[in-house]
Number of protein chains: 2
Amino acid sequence: MNAEILTIGDEILIGQITNTNSVWIAQQLNLIGISVNYITSIGDNEQQILEALLAANKRADFVFITGGLGPTKDDITKKVLANYFKTSLQINNDVLNDVTRFFAIRNKEVSEINKNQALVPIGCTVIRNYQGTAPAMWLEKDKSVFISMPGVPFEMKALMTEQILPKIKANYKLPVIYHKTILTQGIGESALAEKIEGWESNLAQKNIKLAYLPQPGIVRLRLSIIGENENQLKQLIQNEIDELQKLISDYIYGFENYGEEQPTLHEIVAALLIKANKTISLAESCTGGYIASLFTSIPGISKVFLGSFVPYSNEAKSQLVGVSNETLQKHGAVSQQCVNELAVNTLNKFNSDYCIAVSGVAGPDGGTSDKPLGFVWIAIANKNNCKEYQFQFGDNRSRNIIMTSNAALNLLRKELLG
Amino acid sequence: MNAEILTIGDEILIGQITNTNSVWIAQQLNLIGISVNYITSIGDNEQQILEALLAANKRADFVFITGGLGPTKDDITKKVLANYFKTSLQINNDVLNDVTRFFAIRNKEVSEINKNQALVPIGCTVIRNYQGTAPAMWLEKDKSVFISMPGVPFEMKALMTEQILPKIKANYKLPVIYHKTILTQGIGESALAEKIEGWESNLAQKNIKLAYLPQPGIVRLRLSIIGENENQLKQLIQNEIDELQKLISDYIYGFENYGEEQPTLHEIVAALLIKANKTISLAESCTGGYIASLFTSIPGISKVFLGSFVPYSNEAKSQLVGVSNETLQKHGAVSQQCVNELAVNTLNKFNSDYCIAVSGVAGPDGGTSDKPLGFVWIAIANKNNCKEYQFQFGDNRSRNIIMTSNAALNLLRKELLG
């Protein structure tokens, strides 16, 4: 079974709002085994809506429509649906009661405009909206089901979750779709593709799809499979992941199970610290507080995060964190010696179990032939020792900051896992 | 002139990522007078892409395509474009040089897979990508212009801003649309709407559109007008802004002129510091490094930004920043006394001209009846004095962090302007 999503409303086309309804609907449909082939956004325009309904009618089993159901003149979805289905609009008494009650609860009278919310195309199945005034409507034509819903996200979500998805699951035989995403850090998309080429080339014959989803310093690999038995599909994907582990285990930092909360690298590291009851401090030069802001975005992080220095100037590095003047003069602020002293001294000052220190050339200025843009040193210290690592990232300042942060977090993750 | 946006990639259809590229492109096009009629998302599927190209070709002056240009096997956009344009792919030597250089800078060899990034449909105009390896491509057929771009947001945005939008503006006659955005901080959307109700109600008859663009702690008011003479339009908008200044000057911290770089509050403050040649340090408790990361996102900030403390624990506040134990015991970490000592001591330690200190209850835990969630103290110190300010924000941790940062930055801005 396949679906299309059709969002109606000028606000998306002028870029005023992001189309979050579609993402949510697509997630919900994928989870019950309906694949989404098209997502289309159009304006409150009769001709465009008619064309889109016709195109979807030729292709899709289900057409999920949001928007254009408000009481004002610019909302024309119902009128156009009636036109497309060669019928007319008629007051539905259940909906009229719902609308009247909706306003009564709020101590308001129903205006004539609002009574029009109870107009629906003759022959449609009404799905009543308990959160607002515009009901959803279920219409069928030539093997396609059209489901028109209000665009207000919380109304649409309640209608989908409580009524529409259960109705679909009860009435249609759906396949099972299973996704799992492997999270990698420290290897680029193409280097990764080369490393796993042999493994990847066998996926097609097993009907498993692979997608590469790159972010700065991170590549997520999503595996997808369609079938009938969820446990069997899970096992088939797990077999592939077991094989993949043999090839790139060094780079894997976690997994996303589709439909569950998606873990970020800093959340994974924070969870490890909290589990081990180990505290952390930071000395961030080139990342300038970015790693601290990632950690402190997590509720409850104060259990393990003691604090951070951002010693941006050389004076701050020497006078506040105690990097020796000899190190700064002989080796410079971006050096193995400097990050070592930053990490060890910060660990001691905060009396933390671990410390991350970073220093690098973020750019766009300050690169030299010895230390070009993107040249970065990272140190990971614990109470017994300190290890330093050198990286070469690119020439984009904000990406360098993110890539340095991801590399540092992954080094600490590995250290925590021993 | 009208446009369609076509995003290619399974990740949108399965609801894994939100389609933010389309919002951004739609905004940019609307701003130069091109209306967007359709936004369509499809998968990495040859048949779907061909159908979408054909449909768009019948309707649109411009078709903006993102995604499917990566080096891996699931990316097929170029192949399908070549098919649709009845041509074939050929190595472009400029792009091959770009790709080679891209890897050389990173001390890596170009793999065979990556060399394929230089394959483009014969007859297309190549728009070189200076941020990544996939070039954009400009193709024309039957009065439609097709522009295919990589889906990585920062690459797509750089290509659009630096090359594609200027090329369109230079080659097509577009109506003049003039926008100016007023930036306000410290007043909510509805309170603002009440304050400017009379002024706003007169805009429609002058054919000026107003949009409210709220962010945490900040509301941007965008005024738009369409016409033919830019200077005249500018003057009409300026007249309205002059009137608005009389109503809400206390909240206005800047303006955005469309087409110029859009200033953020931290960039405005950084520019004031650089102009006055005054240095800054920070002591961030509840914002946890967020303000430091904002400042250090700015190239060249090291001229004035000396560094930051993130004294997250009480021990760090007392031992590393010298907040007195009496203050912490008697008044607590979220108090006027504590932010005063944080600011004054940090200013002295860094020997900076100014210091911002913040301490608050970010949430979701830790609120009390005296100091509920969102209760925040901010101090602004200079070498002569220190002023403290109390705020009450909401119960959402990430919004509280951003709202505290914006409030602190605006206080410093006002201090710098005397």
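Residues numbered from 1 in each chain as written. Chains lettered and ligands numbered in written order. Predicted model: local features only at pLDDT ≥ 70, side-chain atom pairs only at ≥ 80, totals over all residues. Heavy atoms only, no water.

**Q** How should I be thinking about helix H2 (residues 20–31) of chain A in this particular structure?
**A** Because the α-helix completes a turn every 3.6 residues, residues three or four places apart line up on one side. Residues and elements named next belong to chain A. The end-to-end C-alpha distance of H2 is 17 Å, a good match for the 16 Å that 12 residues give at a rise of 1.5 Å each. Where burial is concerned, most of H2 is hidden: nine out of the 12 residues are buried. Inspection of H2 places Asn21, Ser22, Val23, Trp24, Ile25, Ala26, Gln28, Leu29 and Asn30 among the buried residues, and these make up the whole buried set. Positive backbone phi, approximately 90°, marks Gly33, located one or two places after H2. (Helix = DSSP H or I, 4+ residues; strand = E, 2+ residues; numbered from the N terminus. Expected span 1.5 Å × (residues − 1). Buried < 20%, exposed > 50% of the residue type's maximum accessible area, 1.4 Å probe, protein only.)

**Q** Help me out: how do you make sense of the packing of aromatic side chains in this one?
**A** Aromatic ring pairs are defined here through the distance separating the ring centres and the angle between the ring planes. Across all of its chains, the model carries 21 aromatic pairs over all chains by this definition. Summarising the aromatic geometry, the rings of Phe391(A) and Phe393(A) are spaced 5.5 Å apart at their centres and angled 10° between planes, so their arrangement reads as stacked. Looking at Phe393(A), the relative accessible area reads 10%, which means it is buried. Grouped by ring-pair contacts, the aromatic residues Phe309(A), Phe350(A), Phe309(B) and Phe350(B) constitute a single cluster. Taking NZ or CZ as reference, Arg106(B) lies 3.8 Å from the ring centre of Phe102(B), over its face. (Phe/Tyr/Trp six-rings, centres within 6.5 Å; stacked < 30°, edge-to-face > 60°. Lys NZ or Arg CZ within 6 Å of the ring centre and 35° of its normal.)

**Q** Looking at this structure, how should I read the sheet that holds strand E12 (residues 252–257) of chain B?
**A** Paired through backbone hydrogen bonds, the strands of a sheet run either parallel or antiparallel to each other. Residues and elements named next belong to chain B. As summarised here, the arrangement of the four strands in space is E10-E11-E9-E12, forming an open sheet in which the pairing is antiparallel. Of all strands in the sheet, those bounded by a partner on one side alone are strand E10 (209–215) and E12. Sheet twist, expressed as the average angle between the axes of neighbouring strands with direction ignored, equals 20°. Relative to E12, strand E9 (residues 176–185) runs antiparallel, the two being bridged by five bridges. Residue pairing in the sheet places Thr181 in a bridge with Glu256 of E12. (Pairing = 2+ DSSP bridges. Axes fitted to C-alpha atoms, helices over the stretch in contact; angles between N-to-C directions.)

**Q** Before we go on, may I ask you to explain the nonpolar core in this structure?
**A** The nonpolar side chains of a soluble globular protein tend to be buried with one another. If you look at the biggest cluster of nonpolar residues, it comprises 48 residues, and the most contacted ones within it are Leu342(A), Ala343(A), Leu342(B), Ala343(B) and Ala357(B). Discounting residues that sit within four places of it in the chain, Ala343(B) has contacts with Cys355(B), Ala357(B), Ala379(B), Ala381(B) and Cys386(B). (Core = buried A, V, L, I, M, F, W, Y, C linked by side-chain atoms within 4.5 Å. Contact = heavy atoms within 4.5 Å.)

**Q** Please explain the interface of chain A and chain B as it appears in this structure.
**A** How big an interface is tends to be expressed through the accessible area that disappears when the partners come together. Listed per partner, the contact involves 75 residues of chain A and 67 residues of chain B. Between chain A and chain B, the buried area comes to about 5500 Å², and carbon and sulfur atoms account for 57% of it. Among the residues chain A hides against chain B, the three largest losses belong to Leu13(A), Tyr38(A) and Tyr312(A). Together they make up 10% of the total. Applying the counting rule to chain A against chain B returns four salt bridges. Across the pair Glu51(A) and Arg59(B) runs a salt bridge whose closest N-O atoms are separated by 3.8 Å. Between the two partners, chain A and chain B, sit 25 residue pairs in polar contact (both at pLDDT 80 or more). (Buried area = accessible area lost by both parts, 1.4 Å probe. Salt bridge = Lys/Arg side-chain N within 4 Å of Asp/Glu carboxyl O. Polar contact = N/O pair within 3.5 Å; in protein donor to acceptor, adjacent residues only side chain to side chain.)

**Q** Mind showing me how you'd approach helix H4 (residues 77–84) of chain A here?
**A** Of all the eight residues making up H4(A), six are buried; the element is thus mostly covered by neighbouring parts of the structure. Just downstream of H4(A), Lys86(A) is the residue with a positive phi angle, here 50°.

**Q** It is not clear to me how the pattern of salt bridges should be interpreted in this structure. Could you clarify?
**A** Note on pairing: side chains with opposite charge can pair once their charged atoms come close. Tallied over the full model, the rule gives 24 salt bridges over all chains. In the salt-bridge network here, residues are joined through shared partners; they are Glu4(A), Arg59(A) and Glu51(B).

**Q** Would you take a moment to explain the sheet that holds strand E8 (residues 144–149) of chain A for this structure?
**A** In space, the 12 strands of this open sheet follow the order E6(A)-E7(A)-E8(A)-E3(A)-E1(A)-E2(A)-E2(B)-E1(B)-E3(B)-E8(B)-E7(B)-E6(B), with mixed pairing throughout. With one partner strand each, in any of the chains shown, strand E6 (125–127) of chain A together with strand E6 (125–127) of chain B form the two edges of the open sheet. Averaged over neighbouring strand pairs, the angle between their axes works out to 20° when direction is ignored. Sheet topology places strand E2 (residues 35–42) of chain A next to strand E2 (residues 35–42) of chain B; five bridges connect them, and they run antiparallel. Pairing of Tyr38(A) across the sheet is with Ile42(B), part of E2(B).

**Q** Explain the environment of Asn314(B) to me, please; I cannot follow it from the model alone.
**A** Within the element layout of this structure, Asn314(B) appears in helix H13 (residues 314–320). Setting aside residues up to four positions removed in sequence, Asn314(B) forms contacts with Leu328(B) and Ala333(B).

**Q** Would you mind showing me how to read unusual backbone geometry here?
**A** All names here are of chain A. The residue after Gly363, namely Pro364, is reached through a cis peptide bond having omega 5°. With respect to the element layout, Pro364 can be found in the loop between strand E15 (354–360) and strand E16 (375–382). Even without being glycine, Lys86 reaches a positive phi, approximately 50°. Along the chain, Lys86 turns up in the loop between H4 and strand E4 (89–91). Even without glycine at this site, Asp142 takes up a positive phi of about 50°. As for its placement among the helices and strands, Asp142 is situated in the loop between strand E7 (136–141) and E8. On the accessibility criterion, Asp142 (60% relative accessible area) is exposed.

**Q** Teacher, can you tell me more about the packing of helix H3 (residues 46–59) of chain B against helix H4 (residues 77–84) of chain B here?
**A** Each pair of packed helices can be summarised by the angle the axes make with each other and by the distance between the axes. Residue and element names in this part refer to chain B. Interhelical geometry of H3 versus H4 gives an angle of 50° and a closest axis separation of 10 Å. Viewed along their axes, H3 and H4 adopt a mutual orientation that is oblique. By crossing handedness, the relation of H3 to H4 is classed as right-handed. Along its contact with H3, which presents Glu46, Ile49, Leu50, Leu53, Leu54 and Asn57, the element H4 presents Lys79, Val80, Leu81, Asn83 and Tyr84. Here the contact of H3 with H4 is composed, by residue class, of seven nonpolar, two polar and two charged. (Parallel < 35°, antiparallel > 145°, perpendicular 65-115°, else oblique. Left-handed = near helix turned anticlockwise from the far one by under 90°. Nonpolar A, V, L, I, M, F, W, Y, C, P; charged D, E, K, R; others polar.)

**Q** Would you explain the pairing of E8(A) in this entry?
**A** Residue and element names in this part refer to chain A. Of all the six residues making up E8, six are buried; the element is thus mostly covered by neighbouring parts of the structure. Relative to E8, strand E3 (residues 62–66) runs parallel, the two sharing five bridges. Paired with Phe64 across the bridge in E8 is Ile147. Judged from the five bridges that link them, E7 and E8 form a sheet pairing that is antiparallel. Directly across from Lys141, in E8, lies its bridge partner Ser144.

**Q** What is the right way to read the side chain of Thr40(A) from this model?
**A** Mapped onto the fold, Thr40(A) is located in strand E2. Classification of Thr40(A) as buried rests on a relative accessible area of 9%. Each residue touching Thr40(A), except ones within four places of it in the same chain, is listed here: Ile5(A), Leu6(A), Thr7(A), Tyr38(B), Ile39(B) and Thr40(B).

**Q** Quick question: what am I supposed to make of the confidence of the model for chain A here?
**A** Reading fine detail from the predicted coordinates is not recommended where pLDDT is low. Chain-level pLDDT for chain A is 93 on average; 99% of the residues reach the 70-or-more range. Here the predicted complex scores 0.79 on pTM and 0.78 on ipTM. (pLDDT = per-residue confidence, 0-100.)

**Q** I keep staring at the packing of H2(A) against helix H7 (residues 153–171) of chain A and nothing clicks. Help me out?
**A** Residue and element names in this part refer to chain A. Where H2 meets H7, the axes come as close as 11 Å, and the angle between the chain directions of the two elements is 15°. Considered as vectors, H2 and H7 are oriented roughly parallel to each other. Pair H2 / H7 crosses with right-handed handedness. Of the residues in H7, those in contact with Asn21, Trp24, Ile25, Gln28 and Leu29 of H2 are Pro153, Met156, Lys157, Met160, Thr161 and Leu165. Residues that form the contact of H2 with H7 fall into these classes: seven nonpolar, three polar and one charged.

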